[in-house]
Amino acid sequence: MPHKALLIASLPLLAMLLAACPRANGYGTSVIFPSASIDGAVGMYAIPGEDDAAVVLAQDGVAYRVNLADGASQPTVFLDVRNRLIANPGNEEGLLGLAFAPDYSRSGQFYAHYTAGEPRRSVISRFNGDQEQVVLEVPQPFANHNGGALAFGPDGMLYIALGDGGSAGDPQGHAQNLNSLLGKILRIDVSTSTYSIPTDNPFAGGGGRGEIWAYGLRNPWRISFDRETGQLWAGDVGQGAFEEVDRIVRGANYGWNVLEGDACYRAESCDRSRSLPPRAAYSHDFGCSVTGGYVYRGDALPELRGWYVYGDYCSGRLWAIDAATNEGAAIPLADTGLAITSFFEASDGEIYIVSSDRGVFRIDPKQQ
């Protein structure tokens, strides 16, 4: 039996260990930032150098500047690309992603990802105010599975999430085709007039398109970098059975359309040896469209620090997984009832839920 004094001395450490784990179903939500309530919101991004300002992305083609400190203030137009969008968009097309250049405070440059036509294509452009320079265009065979997320990594490179091109089941085989940019995470250097391929990309020397960083993805909806470790995360929307969360690493194959989540797709058996398993997966008993989030690095919820928080658009469920390990099940945090289209990471590391029809919500501990 341990010595009583040793046991008593260990109690604070035990309490710290227990507090470091999120409480299952121990959270609720409350609306915050009233000025950021935008119909059709699909993204929200902190403006570098401005702690009290952000941009909210609406799928219809307008991005709005919002004041986070003044709930009575009205949004103002930050970017309007409605006249550039495809004329009759599908429900997964539109203005889908935005990223501020690392030197935005000096250069005023930012990047946007939208779908245009004809012909139907994804467009990644550099903006300075209303001035646009197209950086990359990728043909899209169908109206769905566009991906759309943009993010600058700690290496200063621009990462682009593209879906498999659409329809169902990846009929054209893009995700596993290394000569196609669809079904991939791309990594490009935009410090040149358009872009160049970083020499340390996995296929920069051949064997596939040099822009590819990772492949075998169906429809990666929201990517993010852990601000502390630099690790890249993605939520990859599934077909009819499973959703998945992936830790994105250089050159990895994430299995689609051989695998959906961690299960074989349309086959009794399949070769898993060529792909990296998801960090987490869930069946359509719990939702139908994963929305990737962020690794929490804030202070308001210390038990969530170092956990990757993500949700589901259809069910409104919210989960967290330990970002420091490849093991451990997801912990359910809340059943929010929200149409979760994105998450917002503020300058202080706090994470908020973005709903397409009800605004922006804070994650709150339930009262015990």
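For the structure, check the block above.
A brief structural summary. (Residues numbered from 1 in each chain as written. Predicted model: local features only at pLDDT ≥ 70, side-chain atom pairs only at ≥ 80, totals over all residues. Heavy atoms only, no water.)

1. Let's talk about unusual backbone geometry
Omega for the peptide link from Gly-117 to Glu-118 comes to -10 degrees, which places this bond in the cis form. Residue position: Glu-118 is located in the loop between β7 (109-116) and β8 (121-128). For Asp-170, which is not a glycine, the phi torsion comes out positive at approximately 55 degrees. Looking at where Asp-170 falls in the secondary structure, it is placed in the loop between β11 (158-162) and β12 (184-188). Using a relative accessible area of 3% as the deciding quantity, one classes Asp-170 as buried. (Helix = DSSP H or I, 4+ residues; strand = E, 2+ residues; numbered from the N terminus. Buried < 20%, exposed > 50% of the residue type's maximum accessible area, 1.4 Å probe, protein only.)

2. Considerations on the layout of surface pockets
To find the voids left in a structure, one rolls a probe of water-molecule size over its atoms. When its volume is computed, the largest pocket comes out at roughly 830 Å³. Along its surface, the largest pocket is lined by 35 residues, and Ala-46, Phe-152, Arg-227, Tyr-294 and Glu-345 are the ones closest to its centre. The set of elements that each furnish at least two residues to the lining of the largest pocket consists of β2 (41-46), β6 (95-100), β10 (150-152), β14 (220-225), β20 (290-295) and β24 (340-345). In this structure, the second largest pocket encloses a volume near 480 Å³. Lining the second largest pocket are 22 residues, with Asn-91, Glu-92, Asn-219, Ser-289 and Tyr-313 positioned closest to its centre. In terms of residue class, the lining of the second largest pocket is made up of eight nonpolar, 12 polar and two charged. (1 Å grid on protein atoms, 1.4 Å probe; cavity = no way out; pocket = protein on both sides within 12 Å on 5 of 7 lines; lining within 4 Å. Points joined across faces, edges and corners; volume = space filled by probe spheres on them. Nonpolar A, V, L, I, M, F, W, Y, C, P; charged D, E, K, R; others polar.)

3. With respect to the state of the cysteines
In this structure the tally under the stated criterion is two disulfides. The disulfide bridge from Cys-264 ends at Cys-270, spanning 2.2 Å between sulfur atoms. Taking the sign of the torsion about the S-S bond as the criterion, the disulfide between Cys-264 and Cys-270, at about -85 degrees, is left-handed. Residue class for Cys-270 comes out buried when judged on its relative accessible area of 19%. Each sulfur of the disulfide joining Cys-288 and Cys-314 lies 1.7 Å from the other. (Disulfide = S-S within 2.5 Å.)

4. Quick look at the sheet that holds β24
On the basis of which strands lie adjacent, the open sheet formed by four strands has the order β1-β26-β25-β24 and antiparallel pairing. Whereas interior strands pair on both sides, the edge strands pair on one side only; in this sheet they are β1 (27-32) and β24. Neighbour-to-neighbour, the strand axes of this sheet turn through a mean angle of 35 degrees, independent of strand direction. Looking at chain direction, β24 and strand β25 (residues 351-355) are connected through five bridges and run antiparallel. What sits directly across from Phe-343, in β25, is Ile-353. (Pairing = 2+ DSSP bridges. Axes fitted to C-alpha atoms, helices over the stretch in contact; angles between N-to-C directions.)

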